[in-house]
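What follows is each chain in one-letter form.
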Amino acid sequence: MSSASAMKFDVVVVGAGAAGMMCAIEAGKRSRKVLVLEKANKCGQKILISGGGRCNFTNILAAPDRFISDNPHFCKSALRQYTQYDFITLVEKHGIAYHEKKLGQLFCDESAKQITAMLEAECDANGVTIWEGTGADHIERRENSFLVSTGAQFIEAESVVIATGGLSIPKLGANDFAYRVAKAFDLPLAPPRPGLVPFTFEQVDKDRFADLTGVSADVSIRIGKIQFRENLLFTHRGLSGPAILQISSFWRAGEAVMIDFLPDVDLAGLLKEKRRSQPKLKVSSLLKEFLASRLATSLLGEFKDLPELGNLSDRKIQDIVKSIKLVNITPNGTEGYAKAEVTVGGICTSTLHSKTMEVKSVAGLYFIGEAVDVTGFLGGYNFQWAWSSGFVAGQYA
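Residues numbered from 1 in each chain as written. Predicted model: local features only at pLDDT ≥ 70, side-chain atom pairs only at ≥ 80, totals over all residues. Heavy atoms only, no water.

Examining the overall build of the chain
Phase 1: When helices and strands are tallied, the chain shows 13 helices and 21 strands.
Phase 2: Taken along the three principal axes of its C-alpha coordinates, the chain extends 90 × 40 × 35 Å.
Phase 3: Burial analysis of the chain (397 residues in total) assigns 54% to the buried set.
Phase 4: The contacts in the chain between residues at least 6 apart in sequence include a share of 73% that link residues at least 24 apart.
Phase 5: Per element, the accessible surface of the chain, about 17100 Å² overall, is 49% carbon and sulfur.
Phase 6: In the chain, 45 positive and 43 negative side-chain charges are present, and the distance between their average locations comes to 4 Å. (Helix = DSSP H or I, 4+ residues; strand = E, 2+ residues; numbered from the N terminus. Buried < 20%, exposed > 50% of the residue type's maximum accessible area, 1.4 Å probe, protein only. Contact = heavy atoms within 4.5 Å. Areas by Shrake-Rupley, 256 points an atom, 1.4 Å probe, with all protein chains shown as cover. Lys, Arg positive; Asp, Glu negative; His and termini not counted. Charge placed at Lys NZ, Arg CZ, Asp CG, Glu CD.)

Pasting the structure below:
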């Protein structure tokens, strides 16, 4: 690479998503000359499609225990330096109306476009240059700077920030650029995998639940000690809905998930009480008071002809309880990066300073956002990680 004709900037941020724009804004506030390179023709592509087009931009319950990482302590510093309330203040400064949907999730009243417009306005106000439709091809370390090539153009910069995300949603241009840069600088990766993603069924479960497409239920779902209480949705290929997306980030191939379809009901106690008080009642009739009719029928499918409640033994009641509250399903996989909202894994946190997001072994090189091995739960947590990690890198880059 030749730097003879290189344009000079203090900071080059690669990727104009949530983390990249936040970092650029903060670096710009320090009077740094900042260039943002964005491969797509528009900034903030993921922001625009998030939350059904309304952008679930943070969560008021954001805390370190809502994030997955090989080092669960790594995210603490950034989340402390820039909190959900700091971002809410920015949203309010721009007059964007928002509401809490549930479980602390904050959404724009109108459109996700307001969040990208806000970030672009802040970039503009702080002198940030954005080149859309221009990605970085190669990054090379020089003695006291970096040389970034983009097409035939070379850019020299003191600091480079990688904010190109992970592998999820390739139709929006997701790629492995961050991982290639990490490899070039000998930085290890926590193996990436799809997160917040629907499960696909083995054939046996596909057959068993074939006529439940579109049916949903409020469930408790767990893998080992990890447990979530949310809605589940049957699809023609498997399982989706918030409960599934949450648990999927923890799931590894071959693991079973345990589902309780009546988390608020002491089913054994209820069946025994009804056995006394309504002996003529059918189990299926009782269950249909709590569950969609097709779901109740399907879950009781293994019992051919159940007698009326008055004729049920304690043993049979135990078996029925298991079939509703301990449903064991082993997915055969997930719907992959195409449907995954995030990528779990990424640049190993052990290689980064948690306070600044700078690479310990390469001064001036930073990784932020989804590229790093920090993944939030469903519900605005991944945006908060983007804002927080982008903010802290912007204080130092």
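Let us keep going from here.
Some points on the layout of surface pockets
A probe matching the size of a water molecule, rolled over the atoms, marks out where space remains unfilled.
Phase 1: Quantified by volume, the second largest pocket comes out at close to 200 Å³.
Phase 2: Lining the second largest pocket are Ile68, Ser69, Asp70, Ala190, Pro191, Arg193, Ser249, Phe250, Arg252, Val344, Gly345 and Asp373.
Phase 3: Here the lining of the second largest pocket takes three residues from strand E11 (residues 189-195), the largest share from any one element.
Phase 4: When its residues are assigned to classes, the lining of the second largest pocket shows five nonpolar, three polar and four charged. (1 Å grid on protein atoms, 1.4 Å probe; cavity = no way out; pocket = protein on both sides within 12 Å on 5 of 7 lines; lining within 4 Å. Points joined across faces, edges and corners; volume = space filled by probe spheres on them. Nonpolar A, V, L, I, M, F, W, Y, C, P; charged D, E, K, R; others polar.)

So, the pattern of salt bridges
Phase 1: Using the criterion set out here, one finds 16 salt bridges in the structure.
Phase 2: A salt bridge links Asp65 to Arg66; its shortest N-O distance comes to 3.4 Å.
Phase 3: Taking the shortest distance from any N to any O, the salt bridge between Asp264 and Arg229 comes out at 2.7 Å. Here Asp264 is found in the loop between strand E16 (257-260) and helix H9 (267-277), whereas its partner Arg229 is found in strand E14 (residues 226-234), with 35 residues between them in sequence. (Salt bridge = Lys/Arg side-chain N within 4 Å of Asp/Glu carboxyl O.)

Quick notes on the sheet that holds strand E5 (residues 98-100)
Phase 1: Taken together, the three strands give an open sheet; going across it, the order is E3-E6-E5, and neighbouring strands pair in antiparallel fashion. Only two strands of the sheet have a single partner each, and these edge strands are strand E3 (56-59) and E5. Averaged over all adjacent pairs, the angle separating strand axes in this sheet is 30°, with direction ignored.
Phase 2: Two elements, E5 and strand E6 (residues 105-108), share three bridges in a ladder whose sense is antiparallel. Across the sheet, residue His99 finds its bridge partner in E6, namely Phe107.
Phase 3: Most of the contacts of helix H4 (residues 84-93) go to E3, to which it runs at about 140°, and overall it touches E3, E5 and E6. (Pairing = 2+ DSSP bridges. Axes fitted to C-alpha atoms, helices over the stretch in contact; angles between N-to-C directions.)

With respect to the packing of H9 against helix H12 (residues 314-325)
Each pair of packed helices can be summarised by the angle the axes make with each other and by the distance between the axes.
Phase 1: The interhelical angle for the contact between H9 and H12, taken along N-to-C directions, is 135°, at an axis separation of 9 Å. Here H9 lies oblique to H12, going by the angle between them. Relative to H12, H9 is oriented so that their crossing is right-handed. Contact residues: Leu267, Ala268, Leu271, Lys272 and Arg275 in H9; Asp314, Ile317, Ile320, Val321, Ile324 and Lys325 in H12. (Parallel < 35°, antiparallel > 145°, perpendicular 65-115°, else oblique. Left-handed = near helix turned anticlockwise from the far one by under 90°.)

Digging into the packing of aromatic side chains
Phase 1: If you walk through the whole model with that rule in mind, you get 15 aromatic pairs.
Phase 2: On the numbers, 5.2 Å between centres and 75° between planes, the contact of Phe228 with Phe377 is edge-to-face. Of this pair, Phe228 sits in strand E14 while Phe377 sits in the loop between strand E21 (375-376) and helix H13 (381-396), placing them 149 residues apart in sequence. The same class applies to Phe228 and to Phe377, which are both buried.
Phase 3: In this arrangement the basic side chain of Lys101 is found over the ring face of Phe107, its NZ or CZ atom lying 4.9 Å from the centre. (Phe/Tyr/Trp six-rings, centres within 6.5 Å; stacked < 30°, edge-to-face > 60°. Lys NZ or Arg CZ within 6 Å of the ring centre and 35° of its normal.)

A few points about the pairing of strand E2 (residues 34-38)
Phase 1: Judged by how many residues are buried, E2 sits mostly within the fold: five of five residues are covered.
Phase 2: Bridge count between strand E1 (residues 7-14) and E2: four bridges; the pairing is parallel. Pairing of Val13 across the sheet is with Val36, part of E2.
Phase 3: The pairing of E2 with strand E7 (residues 129-132) spans four bridges and is parallel. Counted as the bridge partner of Val36 is Ile130 from E7.

Some details on the packing of helix H1 (residues 18-29) against H13
Phase 1: At a closest axis distance of 7 Å, the pairing of H1 and H13 adopts a crossing angle of 30°. Relative to H13, the element H1 is oriented roughly parallel. Relative to H13, H1 is oriented so that their crossing is right-handed. Seen from H1, the contacting residues are Ala18, Ala19, Met22, Cys23, Glu26 and Ala27; seen from H13, they are Phe383, Ala386, Trp387, Ser389, Gly390, Phe391, Ala393, Gly394 and Gln395.

Some words on the nonpolar core
Phase 1: By size, the foremost hydrophobic cluster in this structure holds 126 residues, and its most contacted members are Phe87, Ile115, Ile162, Phe234, Phe261, Phe367 and Trp387.
Phase 2: When sequence neighbours within four positions are dropped, the list of residues in contact with Ile162 reads Val14, Ile139, Phe177, Ala178, Val181, Leu365, Tyr366, Phe367 and Ile368. (Core = buried A, V, L, I, M, F, W, Y, C linked by side-chain atoms within 4.5 Å.)

Quick word on the environment of Ala371
Phase 1: As for its placement among the helices and strands, Ala371 is situated in the loop between strand E20 (365-367) and E21.
Phase 2: Between the alpha carbons of Ala371 and Tyr337 there is a distance of 14 Å; along the sequence they are 34 residues apart.
Phase 3: Not counting chain neighbours up to four residues away, the residues in contact with Ala371 comprise Gly165, Ala178, Tyr179, Gly345, Gly346 and Ile347.

Quick look at the sheet that holds E14
Phase 1: As summarised here, the arrangement of the seven strands in space is E17-E16-E13-E14-E15-E12-E18, forming an open sheet in which the pairing is antiparallel. Taken across any chain shown, the strands that pair with only one partner, and hence form the sheet edges, are strand E17 (327-329) and strand E18 (333-334).
Phase 2: Sheet analysis places strand E12 (residues 199-200) next to strand E15 (residues 238-240), joined by two bridges and oriented antiparallel. Directly across from Phe199, in E15, lies its bridge partner Leu239.

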